[in-house]
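One letter stands for each residue in the lines below.
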Amino acid sequence: MSTLEQAVQYHRDGKIEEARKIYSAILEKEPDNATALNLYGVLILQSGKASDARVYFEKAVKLNPCAAFLENLGFAYFCEQNFENSAKYYEAAFAKEPTLAGAQQLLICYEKINKLQDAARFCNILLENEPNNLELIRRSAKIYNRTGQYEKALNCYLKSCELDKRDFVAMNNAGLMYEKLHNLKKAREYYVRSLKIKENYEALHNLGVLCRKERKFEDSIRLLKRALVHQPDNIETKTSLGMTYFTIKDFENGCKYYRQRNPELKKKFKNEWTGEKHPDSTLLIYYEGGHGDQIMFCRYIKYLHEYFDKIKILVYPNLVELFRFNFPGLEVYTFEDNPDYDYSVNIMEIHYVLKMDFEHIPSAAHYLRADPVRAVEFSRRIFTTDKKKVGLFWQGNSRVFKNRAISLEQLKPLFSLKNIQFYSFQVEDKLNQIANFTQIINLESELKSFSDTASALMNVDVLVTIDSAIAHLAGALGIKTYLLLPYASEWRWFSETKTTQWYPSVEIFKQTEAENWQDVVKDVFTSLEKL
């Protein structure tokens, strides 16, 4: 038996000191013995000294980058909680010699460093070999969901339901995946199945939200209230309940719940205004949500001057110019500023404080103006055609509202209309869809702020747009607008399908079934023909 074999045998027998002495002796004579370096590293690692062991593994890998040595180096980094380097060496080992143990370690590493696309890659490998491993299935489902691989996530949740007939959590999650895949009927089925096994908050909440999307508003209210029995302080459910009440124009109950949606934001601003007159004080109007919310609710600002001496407002930077032009009595700031004030109010809650319900929405038409000089300049430079001028906007913030988008390809039938010139008001065309439609004039380089957009809009005969800030801007300017809404639209459009009390110049074209834009585009085509 060779000396190295003796050391290995001692090591296996738990005679650590004897093994250590032999490894040390060998390395003193043969410092480049990769096998001895690796084995000595293993011995040190077993004593809990990962960083010391790593030094030996690194030397061994440098001399012989075989799979076993690379994997040991990866494990040393793992023990040091350096998951980035751990993954690096496990990947190198896996490339040379794929093993399930290596795949498992890589899955863990990539989860730790939040590289979930890589983690999903190893979920695929592990599931192929262990298709009935329930723990792995549930873990993989979460990763697939977070990486947007909803079909795979759904399959995992369904497999979990198959293996565990009482897995109400997986049934609820399967419902969520069906929703993300736009199959509302199956989503409902799995939420109901989850609740039949056990009444649980998640399924009650999700089914309540789904009922609002299905326009079953009374059911939505009932289910969301049941969800609050389980989690009385849940902000998400309170917000959803408020949205359902708002959708049916129940102003009082809607405000009661919806106003609780962002408690952390309220804490940032002092002295929340509750409706009293303070003729010697200053009110600060702050915001949440998107640009469209500020444009939509700024209609209530003019009613505040009888309550305060001064009014200041925080807005997004690209709204500053528009607000200064339209509200000369306001001091306009951005969130980076820190103006002095005495009282504060959220712009989306002014109507609540003033007790202006949704049956009597004020300032519906022409409550904003564009700069007429710039509008004329746009007309002179760009809108010179004798054709009818139609603006287009097709993609909102896809990270937040995935159902608020239509592709230019889906709008293609409109472009066959004669005597119409189309103009793109899209300021962020990430997929560069417009490149395939040379008949559309692209205004992106002209639109640096909402003030620019407002001036350009004054030159169109109609704007065709999905639910986004430009729809609110056009409505506020009194521009004729065709608003394309998804089947499950936002509460602010109530349950209307043709017109909206917010903007008389806006005509609604709403999906009659989820994800089906075809009929909507046909109706828009017919309306544009009449221009």
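Residues numbered from 1 in each chain as written. Predicted model: local features only at pLDDT ≥ 70, side-chain atom pairs only at ≥ 80, totals over all residues. Heavy atoms only, no water.

1. Overview of helix H15 (residues 235-247)
- The end-to-end C-alpha distance of H15 is 18 Å, a good match for the 18 Å that 13 residues give at a rise of 1.5 Å each.
- Counting buried positions along H15 gives 11 out of 13 residues, so the element sits mostly inside the fold.
- Every buried residue of H15 is accounted for by Thr237, Lys238, Thr239, Ser240, Leu241, Gly242, Met243, Thr244, Tyr245, Phe246 and Thr247.
- In this structure, the buried residues of H15 make contact with helix H13 (201-213), helix H14 (217-230) and helix H16 (251-258).
- Backbone geometry just after H15 places Lys249 at a positive phi near 65 degrees. (Helix = DSSP H or I, 4+ residues; strand = E, 2+ residues; numbered from the N terminus. Expected span 1.5 Å × (residues − 1). Buried < 20%, exposed > 50% of the residue type's maximum accessible area, 1.4 Å probe, protein only. Contact = heavy atoms within 4.5 Å.)

2. Overview of the sheet that holds strand S6 (residues 420-424)
- Taken together, the six strands give an open sheet; going across it, the order is S7-S6-S5-S8-S9-S10, and neighbouring strands pair in parallel fashion. Either end of the sheet is taken by a strand with one partner, and the two such strands are strand S7 (440-442) and strand S10 (506-510). On average, each strand axis in the sheet is inclined to that of its neighbour by 25 degrees, with strand direction left out of account.
- With three bridges joining them, S6 and S7 adopt parallel strand pairing. Looking at S7, one finds that Ser424 is bridged to Asn442.
- Relative to the sheet, helix H24 (residues 469-477) contacts strand S5 (388-393), strand S8 (462-466), strand S9 (481-485) and S10, its axis offset from that of S8 by approximately 150 degrees. (Pairing = 2+ DSSP bridges. Axes fitted to C-alpha atoms, helices over the stretch in contact; angles between N-to-C directions.)

3. Examining the pairing of S9
- Within S9, five of the five residues are buried, which leaves the element mostly enclosed by the surrounding structure.
- Residues Thr481, Leu483 and Leu485 point to one face of S9 and Tyr482 and Leu484 to the other, with burial holding for every one of them.
- Alignment of S8 against S9, held across four bridges, turns out to be parallel. Opposite Val464, over in S9, you have Tyr482 as the bridge partner.
- Here five bridges tie S9 to S10, and the two strands are oriented parallel to one another.

4. Re the state of the cysteines
- Using the criterion set out here, one finds zero disulfides in the structure.
- You can see Cys156 has no disulfide; the closest cysteine sulfur is in Cys123, sitting 7.5 Å from it.
- Since its relative accessible area comes to 7%, Cys156 is described here as buried.
- Here Cys161 is not cross-linked by a disulfide; its sulfur's nearest cysteine counterpart is in Cys156, at 11 Å. (Disulfide = S-S within 2.5 Å.)

5. Quick notes on the sheet that holds strand S2 (residues 308-314)
- Pairing is parallel in the open sheet, where four strands are placed in the order S3-S2-S1-S4. Taken across any chain shown, the strands that pair with only one partner, and hence form the sheet edges, are strand S3 (331-333) and strand S4 (343-346). Taken pair by pair, the neighbouring strands of this sheet meet at an average axis angle of 25 degrees, ignoring direction.
- Here strand S1 (residues 278-286) pairs with S2 via five bridges, running parallel. Bridge pairing links Leu284 to Lys312 in S2.

6. Some remarks on the environment of Ala119
- Take Ala119: it is sitting in helix H8 (residues 116-129).
- Along the primary structure Ala119 and Glu336 are separated by 217 residues, whereas in three dimensions their C-alpha atoms are 38 Å apart.
- Discounting chain neighbours no more than four positions away, the residues touching Ala119 are Leu107, Tyr110, Glu111 and Ile143.

7. A word on unusual backbone geometry
- Of note, the phi angle at Arg215 is positive, near 65 degrees, even though the residue is not glycine.
- One can find Arg215 in the loop between H13 and H14.
- For Arg215, a relative accessible area of 30% gives the class partly exposed.
- Residue Asn271 is not a glycine yet carries a positive backbone phi of 50 degrees.
- The topology assignment puts Asn271 in the loop between helix H17 (263-267) and S1.
- Given a relative accessible area of 44%, Asn271 falls into the partly exposed group.

Such coordinate-based values are descriptive only and should not be taken to indicate function.
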